[in-house]
Amino acid sequence: MRAILVVAGNTYRETIRDKILYNLVLFAILLIGTSVLLGTLTIGEQSRIVNDLGLAAINLVAVIIAIFVGIGLVTKEMERRTIYTILARPITRVQFILGKYLGLGFIIVVNIAIMFAMFLATVWLSGNAIHRSLFQAVELILVETLLVMAIALFFSTFSSPILSATMTLGLYVIGHLTSDLKAIADKSQSQLTEVVLTTVYYVCPNLEFMNVKGQAASGVLVEAVYQMTATAYGLLYAGLILTGACLIFQRRDF
Amino acid sequence: MDAILIERLTKTYQPMWPWERPVTVLADVSLSISRGEIFGFLGHNGAGKTTTMKILLGLLRATSGRVELLGSLAGNVASRSQVGYLPESPYFYDYLTAEEFLCFYGKLAGLAREVIQRRTAELLERVGLTESRHRQLRKFSKGMLQRIGLAQALIHDPELVILDEPMSGLDPIGRKEVRDIILSLRDHGKTVFFSTHIISDVEMLCDRVGILARGKVLALGRIEELVKEHAIQSVEVVCDGVVGAELPDVQSLATRIVQRGERCLVILSGQGHLEQVLAILRQAGGRLVSVIPHKNSLEDIFLERTNRKV
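None of the values given here were measured: they were computed from a predicted structure.

Each value, and the rule that gives it
- Residues numbered from 1 in each chain as written.
- Chains lettered and ligands numbered in written order.
- Predicted model: local features only at pLDDT ≥ 70, side-chain atom pairs only at ≥ 80, totals over all residues.
- Heavy atoms only, no water.
- Helix = DSSP H or I, 4+ residues; strand = E, 2+ residues; numbered from the N terminus.
- Rg over C-alpha atoms; globule rule 2.2 N^0.38 Å.
- Buried < 20%, exposed > 50% of the residue type's maximum accessible area, 1.4 Å probe, protein only.
- Areas by Shrake-Rupley, 256 points an atom, 1.4 Å probe, with all protein chains shown as cover.
- Contact = heavy atoms within 4.5 Å.
- Buried area = accessible area lost by both parts, 1.4 Å probe.
- Salt bridge = Lys/Arg side-chain N within 4 Å of Asp/Glu carboxyl O.
- Polar contact = N/O pair within 3.5 Å; in protein donor to acceptor, adjacent residues only side chain to side chain.
- Expected span 1.5 Å × (residues − 1).
- Pairing = 2+ DSSP bridges.
- Axes fitted to C-alpha atoms, helices over the stretch in contact; angles between N-to-C directions.
- Parallel < 35°, antiparallel > 145°, perpendicular 65-115°, else oblique.
- Nonpolar A, V, L, I, M, F, W, Y, C, P; charged D, E, K, R; others polar.
- Phe/Tyr/Trp six-rings, centres within 6.5 Å; stacked < 30°, edge-to-face > 60°.
- Lys NZ or Arg CZ within 6 Å of the ring centre and 35° of its normal.
- Patch = residues over 30% accessible without salt bridge, like charges linked within 9 Å, V, L, I, M, F, W, Y side chains within 5 Å.
- Core = buried A, V, L, I, M, F, W, Y, C linked by side-chain atoms within 4.5 Å.

A. Representation of the overall build of chain A. Counting secondary structure elements, chain A contains 12 helices and 0 strands. When the helices and strands of chain A are read in sequence order from the N terminus, they spell out α-α-α-α-α-α-α-α-α-α-α-α. Its C-alpha atoms give chain A a radius of gyration of 20 Å, within 12% of the compact-globule value 18 Å for 254 residues. Along the first, second and third principal axes, the C-alpha set of chain A runs to 60 × 55 × 30 Å. Burial status across chain A gives 52% buried among its 254 residues. Just so you have it, chain A exposes about 11,700 Å², and 71% of that area is on carbon and sulfur atoms.

What follows is the structure in C-alpha cells.
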C-alpha cells in the first residue's frame with residue numbers, strides 16, 4: 001500500500017503542477033456568466049436551467065480531465081522513460097497502475113468537490129433552493145468520471161495517446177447510447193445487426209445508468225436503491241477495467 | 001554469492017507480422033559479477049548492453065536463460081530492493097525540485113523520513129548540487145541531470161549499482177566526478193555494473209570487463225589478462241645520426257622504417273631482434289634516443305574482436 005500511495009502522491013503533485021486546476025477558473029466564469037444571463041427569466045425556469053447547466057458543466061469538465069489526463073498517466077511515463085527508474089525499484093507493476101489511478105482519482109474528487117461548492121454557491125446566491133437531488137446527481141457524476149478514467153488508463157497501457165483518447169471518447173459516447181442501441185437491436189429485422197448491437201449493449205458500460213441530472217435539476221429525487229445500484233455498477237465496472245489494465249501492463253516490455 | 005549471475009541469456013523479439021523475421025538481440029550471454037567488483041560492459045551502440053540491464057531489472061522479459069541479482073531471480077520485487085539504477089540519457093520528473101526528486105525515490109525505496117533527509121543532503125553534496133536543491137529539474141543542464149540521476153540510484157545505499165552509460169553527455173570535470181563516485185562505491189564494498197562504449201573509462205575503473213557485440217559476449221576477464229592474452233607487441237626504436245634505409249640488416253629485421261632528417265624510427269614486430277638492431281645502429285654511429293615497447297590496448301582488442309566477429 002505504501003508504494004501505491006507514494007506513486008499516487010507523485011501523480012497528484014504532477015497534475016497539480018501541470019496547472020490542471022486552472023479549469024476551475026473557466027468553470028467559475030461559465031457558472032457566474034450563466035446565472036447573470038439567466039437572471040431575467042422567471043423563477044421556476046431559472047432554477048431548473050441553472051441546475052441543468054451547472055451539473056452538465058461539472059460533468060463535462062470532470063470527464064475531460066479524466067480522459068485527457070488519464071490517457072497520459074502511463075504513456076507519458078513511457079515516452080519520457082521516467083518509468084524505468086520507478087519500475088527498477090521494489091514496486092510491482094500493479095502497484096504502479098493503482099498508484100497512478102488513485103493519484104488522478106484524488107484530483108478528480110477534489111476538482112468535482114470544488115466545482116460543486118461553486119455551483120451550490122451560485123444556486124444559493126441566485127435565490128434558488130438547493131435540492132438534495134443535486135447531491136445525488138453529483139455523486140453519480142463522480143462515479144461515472146472514475147469509470148471513464150479507468151477506461152482511459154486501460155487504453156493507455158497498450159496504445160498511443162491519440163488512439164487512447166479516441167477510443168475512450170468513442171466508448172463514452174456509446175456508453176450514453178446503449179439503451180438506444182438495445183432498442184434498435186430489438187426492432188432490427190437483420191439478425192446480424194441484432195447480435196452486434198446486443199453484444200455492444202452488454203459489453204460497453206451503460207453510462208446513462210449514472211445520469212440523473214435531468215431529474216436532479218427539477219428537484220426530483222431518485223430512489224436510494226437506484227442510487228446504490230448505479231454506484232456499485234460504476235465502481236465494479238471500473239474495477240474490472242483496472243484489472244484488465246494491470247494484466248496488460250504486467251506483460252509489457254519496456 | 002555473486003552480485004549478478006547471468007546464464008545463457010537470450011532475448012528475441014517476435015515480429016508483429018508472420019512474414020517478418022524474429023530479431024535476436026542477446027544470444028546465449030553468460031557472465032557473473034562478484035560482490036565488490038566494478039564490472040565494465042563494453043560494446044558499440046546496439047550491442048545489447050541496455051537490453052541486458054533491463055532484463056536484470058525486470059523491465060524486459062528474457063526469452064530464455066537464468067538471471068539472478070544478489071541471489072534472487074531477476075524480475076522479483078525483492079531482487080530490486082538493494083539495487084540502484086541509472087538509465088541511459090535519463091529523463092526525470094522535471095516538475096520536481098532536486099530535493100523532492102530524491103525524497104520521492106527514497107520513499108519508493110521504503111526509507112524512513114529521517115533517513116531520506118540525511119541521505120538527500122549527503123548525496124546532493126556528493127554530486128555537487130546542494131545549491132540547486134530547490135531548483136526544478138526542468139532548469140537543470142544535461143550534466144546536472146546525470147548527477148541527480150546518479151544520486152537517485154544511490155539514495156537507499158544499495159549493494160549493487162547498475163549504471164547505463166553514466167558518463168555520456170558529461171564534460172571532463174563531470175566525468176571525473178562520476179568516476180570518483182564509482183571508485184568510492186568500490187571502497188565501500190559496493191558492486192558496480194556499468195555499460196559504456198568509452199574504453200578509457202573501462203581501463204581506468206574496472207576490475208573486469210565484458211565485450212559485447214551483436215548480442216554475444218566476445219571477451220570476458222580482467223583487463224590485464226585480456227591485454228596479455230591478445231598481446232601483439234611491437235617495439236619502436238628512435239635513433240639519431242643514422243639513415244635506416246642504408247642499413248640492409250635493419251631493413252630486413254624491421255617492419256617499418258621512418259626517416260625524418262637525422263632522426264630514424266625503426267618499428268620491430270617484437271622484442272626478438274631488438275638487441276641485434278640496437279647493435280647495428282650503434283655500429284653505424286647512431287645515438288639511441290628511445291626504445292618503446294607497445295602492448296595491445298583494450299581498444300585494440302575491442303576493435304579487433306568486434307570487427308572480426310561481427
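Structure shown, so let's carry the discussion forward.
B. Fine view of the overall build of chain B. On a plain count of helices and strands, chain B comes out with 10 helices and 14 strands. Computed over its C-alpha atoms, the radius of gyration of chain B comes to 25 Å, more than 25% above the 19 Å expected for a compact globule of 310 residues. Here the C-alpha coordinates of chain B stretch approximately 80 × 55 × 40 Å along the principal axes. Counted over contacts in chain B with a minimum sequence separation of 6, partners at least 24 positions apart contribute 69%. A total of about 14,800 Å² of accessible surface is found on chain B, and carbon and sulfur atoms cover 49% of it.

C. Spatial organisation of the environment of Pro 18 of chain B. As for its placement among the helices and strands, Pro 18 of chain B is situated in the loop between β1 (4-13) and β2 (23-33). When the C-alpha atoms of Pro 18 of chain B and Ala 62 of chain B are compared, they prove to be 21 Å apart, with 44 residues separating the residues in sequence.

D. Representation of the interface of chain A and chain B in the model. Opposite the 26 residues of chain A that make contact, chain B presents 34 residues. Overall, the association of chain A and chain B removes approximately 2,900 Å² of surface from exposure, summing both partners, and the carbon and sulfur fraction of that is 53%. There are 3 salt bridges connecting chain A and chain B. In this assembly, chain A and chain B are joined by 19 residue pairs in polar contact (both at pLDDT 80 or more). Of all elements in the fold, only α1 (2-17) and α5 (83-87) of chain A reach the threshold of two or more residues within the side of chain A that touches chain B. No other element matches α1 of chain A, which puts 7 residues into the side of chain A that touches chain B.

E. Focus on the pattern of salt bridges. Applying the stated criterion across every chain yields a total of 25 salt bridges over all chains. Across the pair Glu 100 of chain B and Arg 17 of chain A runs a salt bridge whose closest N-O atoms are separated by 2.8 Å. Remark: Arg 17 of chain A occurs in helix α1 and Glu 100 of chain B occurs in helix α2 (residues 98-108); the pair is interchain, linking two chains. We note a salt bridge from Asp 28 of chain B to Arg 8 of chain B, for which the minimum N-O separation is 2.9 Å. Taken together, the positions of Asp 28 of chain B in strand β2 and Arg 8 of chain B in strand β1 put the pair 20 residues apart, joining distant regions of the chain. A cluster of three or more residues bridged by salt bridges with shared partners is formed by Glu 14, Lys 76, Glu 77 and Lys 100 of chain A.

F. Structural detail: the environment of Ile 58 of chain A. Residue and element names in this part refer to chain A. Assignment of secondary structure puts Ile 58 in helix α3 (residues 43-70). Along the sequence, Ile 58 and Met 228 sit 170 residues apart, while their C-alpha atoms lie 21 Å from each other. In contact with Ile 58, other than residues within four places in its own chain, are Phe 27, Ile 112, Met 115, Phe 116, Phe 119, Val 138 and Ile 141.

G. Representation of helix α6 (residues 93-125) of chain A within the structure. In this model, α6 of chain A (33 residues) spans 48 Å end to end at C-alpha, consistent with the 48 Å of a helix rising 1.5 Å per residue. A positive backbone phi angle near 80 degrees is found at Gly 127 of chain A, which sits one or two residues after α6 of chain A.

H. A look at the sheet that holds strand β11 (residues 234-240) of chain B. All names here are of chain B. Reading across the sheet, the 4 strands line up as β12-β13-β11-β14 and stay open at both edges, with antiparallel pairing between neighbours. Unpaired on one side and paired on the other, β12 (256-260) and β14 (287-294) mark the two borders of the sheet. Going from strand to strand, the sheet's axes swing by 15 degrees on average, the running direction of each strand aside. Where β12 meets strand β13 (residues 263-268), 5 bridges bridge the pair, whose relative direction is antiparallel. Paired with Arg 260 across the two strands is Arg 263, which belongs to β13. Along the sheet, helix α9 (residues 274-283) makes contact with β11, β13 and β14, crossing β11 at roughly 10 degrees.

I. View of helix α4 (residues 142-154) of chain B. Helix length check: α4 of chain B, at 13 residues, gives a terminal C-alpha distance of 19 Å against a target of 18 Å (1.5 Å per residue), a fit within 8%. A large share of α4 of chain B lies buried, amounting to 12 of its 13 residues. Within α4 of chain B, burial applies to Gly 143, Met 144, Leu 145, Gln 146, Arg 147, Ile 148, Gly 149, Leu 150, Ala 151, Gln 152, Ala 153 and Leu 154 of chain B. On its buried face, α4 of chain B is in contact with α5 of chain A together with β6 (83-86), α2, α3 (113-126), β7 (160-164) and α5 (172-187) of chain B.

J. Seen up close, the packing of helix α4 (residues 72-79) of chain A against α6 of chain A. Residues and elements named next belong to chain A. At their nearest, the axes of α4 and α6 sit 10 Å apart, and the two run at 125 degrees to each other. Overall, the two elements α4 and α6 adopt an arrangement that is oblique. Along the contact surface, α4 presents Leu 73, Val 74 and Glu 77, while α6 presents Phe 96, Ile 97, Lys 100 and Leu 104. Its residues placed into classes, the contact of α4 with α6 shows 5 nonpolar, no polar and 2 charged.

K. Local environment of the packing of aromatic side chains. Counted according to the given criterion, the structure contains 21 aromatic pairs over all chains. Ring geometry for Phe 116 of chain A against Phe 135 of chain A: centres 5.1 Å apart, planes inclined by 85 degrees, an arrangement best described as edge-to-face. With a gap of 19 residues between them, Phe 116 of chain A in helix α6 and Phe 135 of chain A in helix α7 (residues 132-156) connect regions that are remote in the sequence. Between Tyr 93 of chain B and Tyr 95 of chain B the ring centres are 5.7 Å apart and the planes differ by 55 degrees, which places this aromatic pair in the tilted class. The buried category is assigned to Tyr 95 of chain B, whose relative accessible area is 1%. An aromatic cluster of at least three residues, connected via ring pairs, comprises Phe 92, Tyr 93, Tyr 95, Phe 101, Phe 104 and Tyr 105 of chain B. The lysine or arginine in question, Lys 11 of chain B, covers the ring of Tyr 13 of chain B, its NZ or CZ lying 4.9 Å from the ring centre.

L. Spotlight on a nonpolar patch on the surface. All names here are of chain A. A surface patch of nonpolar side chains, amounting to about 380 Å² of accessible area, comprises Leu 60, Ile 64, Phe 68 and Leu 169. For the nonpolar patch, the element with the highest residue contribution is α3, accounting for 3 residues. Within the element layout of this structure, Leu 60 appears in helix α3.

M. Layout of the nonpolar core. Membership of the largest hydrophobic core comes to 147 residues, with the highest contact counts inside it found for Ile 58 and Phe 119 of chain A together with Tyr 105, Ile 148, Ile 162 and Phe 193 of chain B. For this core, the element with the highest residue contribution is α7 of chain A, accounting for 15 residues. Residues contacting Ile 162 of chain B, with those up to four places away along its chain left out, are Met 53, Leu 56, Leu 57, Leu 69, Val 83, Gly 84, Tyr 85, Leu 86 and Phe 193 of chain B. Counting residues in hydrophobic clusters, the runner-up holds 16 residues, among them Val 235, Val 242, Ala 254 and Cys 264 of chain B.

From the geometry alone we can't say anything about function, so treat these as descriptive.
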